[in-house]
Amino acid sequence: MVEWTDAERKAIIGLWGKIDVGEIGPQALSRLLIVYPWGQRYFKAFGDLSTNAAIMGNPKVAQHGRTVMGGLENAVKNLDNIKQTYAKLSAMHSEKLHVDPDNFRVLAECISLCVAAKFGPSVFTAEVQEAWQKFLSVVVSALGRQYH
Amino acid sequence: MSLSAKDKEIVKAFWAKVSGRADNIGGDAVARMLTVYPQTKTYFSHWKDLSPSSAPHGATVMAAVTDAVSKIDDLIGALLSLSELHAFTLRVDPANFKVLSHNLLVVLSTTFPNDFTPEVHVAIDKFLTAVALALSEKYR
């Protein structure tokens, strides 16, 4: 089981409270599709992803970004039970969506960079970064856990 | 995933903004690396004080990266002696180059939230990957 210090819990919950899912979600997903373009393989039904501008303006990308980011709420609310909380979602990503789990890791990176840009160095301190990245790595691990 | 002419242009243009604050950016990146990835502290056991304010090493690293920008057409040549240093003397596990690169991206994000667009991000990421590769050249 993951051990969280009080400082880490405070940092994660505090940062989550400031995050606008509707803002960061779309930014993070479109950044992923631009910086790691092989990720586009999962979004053939999303329409025009042919240019950076198309990706950043694509409403389906934005909506999906919101959905994915919103999914983190469950993890924040269940910090001591993230593995179990994401078991079904993990199985779905494996069996139905066939997503290479390395994409969870790169999306987490993109989320962290968008959060860093939004809140700057006085909020996103090294200590907050540590807690936040630890949190995301637990989520990433949970999402990959049911793959077989 | 080699650097296109456009990538090089973007890197140079963005780095022109960075170089004025390179020391602080480097120091912040190293400090973050030591905090967020404590396993990296193993390379600095000879430092008395690992507090964030003592990351002058960041300035050294950034100076080398800035130099690499100016020699972007031949990174392997430009980083040859640094590669030998890291391979034979420092013996830094090259997996850590990625770790420092990530923290550099975080600091660039916090420092230049509006300039560090996805387009700049991908060019810089490719550039730092190429630098890491050049730095690994002499390892084996």
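Residues numbered from 1 in each chain as written. Chains lettered and ligands numbered in written order. Predicted model: local features only at pLDDT ≥ 70, side-chain atom pairs only at ≥ 80, totals over all residues. Heavy atoms only, no water.

Within chain B, the regular secondary structure consists of seven helices and zero strands. Start at the N end of chain B and walk to the C end: the helices and strands fall as α-α-α-α-α-α-α. Its C-alpha radius of gyration of 14 Å places chain B within 12% of the 14 Å reference for a compact globule of 140 residues. Each principal axis of the C-alpha distribution contributes one length, and for chain B these read about 40 × 35 × 20 Å. Sorting the 140 residues of chain B into buried and exposed places 46% on the buried side. Taking as baseline every contact in chain B between residues at least 6 positions apart, the subset at least 24 positions apart corresponds to 81%. Counting only carbon and sulfur atoms, one obtains 56% of the accessible surface of chain B, whose full area is about 7100 Å². When the 14 basic and 14 acidic side-chain charges of chain B are each reduced to a single mean position, those positions are 4 Å apart. (Helix = DSSP H or I, 4+ residues; strand = E, 2+ residues; numbered from the N terminus. Rg over C-alpha atoms; globule rule 2.2 N^0.38 Å. Buried < 20%, exposed > 50% of the residue type's maximum accessible area, 1.4 Å probe, protein only. Contact = heavy atoms within 4.5 Å. Areas by Shrake-Rupley, 256 points an atom, 1.4 Å probe, with all protein chains shown as cover. Lys, Arg positive; Asp, Glu negative; His and termini not counted. Charge placed at Lys NZ, Arg CZ, Asp CG, Glu CD.)

Core analysis: the biggest nonpolar cluster contains 92 residues, and Ile-82, Trp-132 and Phe-135 of chain A together with Ile-124 and Phe-127 of chain B have the highest contact counts within it. It is helix H8 (residues 102–123) of chain A that provides the largest number of residues to this core, a total of eleven residues. If we skip the residues at most four places from it in the chain, Ile-124 of chain B touches Val-11, Phe-14, Trp-15, Leu-105, Leu-108 and Phe-116 of chain B. (Core = buried A, V, L, I, M, F, W, Y, C linked by side-chain atoms within 4.5 Å.)

Here, UniProt's "domain: Globin" (unreviewed entry) annotation points to residues 3–148 of chain A. Helix makes up 73% of residues 3–148 of chain A and strand 0%, whereas the separation of the span's terminal C-alpha atoms amounts to 26 Å. (UniProt positions renumbered as here; feature names shortened; annotations may be inferred.)

For the largest pocket, the calculated volume is near 1100 Å³. If you trace the largest pocket, you find 38 residues lining it, with Tyr-36, Arg-105 and Glu-109 of chain A together with Lys-98 and Asp-125 of chain B closest to the centre. For the lining of the largest pocket, the elements supplying multiple residues, two or more each, are H8 and helix H9 (126–144) of chain A together with helix H4 (75–78), helix H6 (95–111) and helix H7 (118–135) of chain B. By residue number, the principal contributor to the lining of the largest pocket is H7 of chain B, which donates nine residues. Across the lining of the largest pocket, the residue classes tally to 23 nonpolar, seven polar and eight charged. (1 Å grid on protein atoms, 1.4 Å probe; cavity = no way out; pocket = protein on both sides within 12 Å on 5 of 7 lines; lining within 4 Å. Points joined across faces, edges and corners; volume = space filled by probe spheres on them. Nonpolar A, V, L, I, M, F, W, Y, C, P; charged D, E, K, R; others polar.)

All right, on to the side chain of Asn-103 of chain B then. Tracing the sequence through the fold places Asn-103 of chain B in helix H6. Reaching out from Asn-103 of chain B, the side chain makes a polar contact with the backbone oxygen of Val-99 of chain B at a distance of 2.9 Å. Not counting the four nearest positions on each side in its chain, Asn-103 of chain B is found in contact with Gln-129 of chain A together with Ala-29, Arg-32, Met-33 and Tyr-37 of chain B. (Polar contact = N/O pair within 3.5 Å; in protein donor to acceptor, adjacent residues only side chain to side chain.)

With the rule as written, the count across this model stands at twelve salt bridges over all chains. With a closest N to O distance of 3.0 Å, Lys-134 of chain A and Glu-8 of chain A form a salt bridge. Here the residue Lys-134 of chain A occupies a position in helix H9, and Glu-8 of chain A occupies one in helix H1 (residues 6–18), the gap between them amounting to 126 residues. Across the pair Asp-7 of chain B and Lys-126 of chain B runs a salt bridge, and its minimum N-O distance is 2.7 Å. Taken together, the residues span a long stretch of sequence, with Asp-7 of chain B in helix H1 (residues 5–18) and Lys-126 of chain B in helix H7 at a distance of 119 residues. Looking at Lys-126 of chain B, the relative accessible area reads 22%, which means it is partly exposed. Connected through shared salt-bridge partners, Asp-102, Arg-105 and Glu-109 of chain A make up one network. (Salt bridge = Lys/Arg side-chain N within 4 Å of Asp/Glu carboxyl O.)

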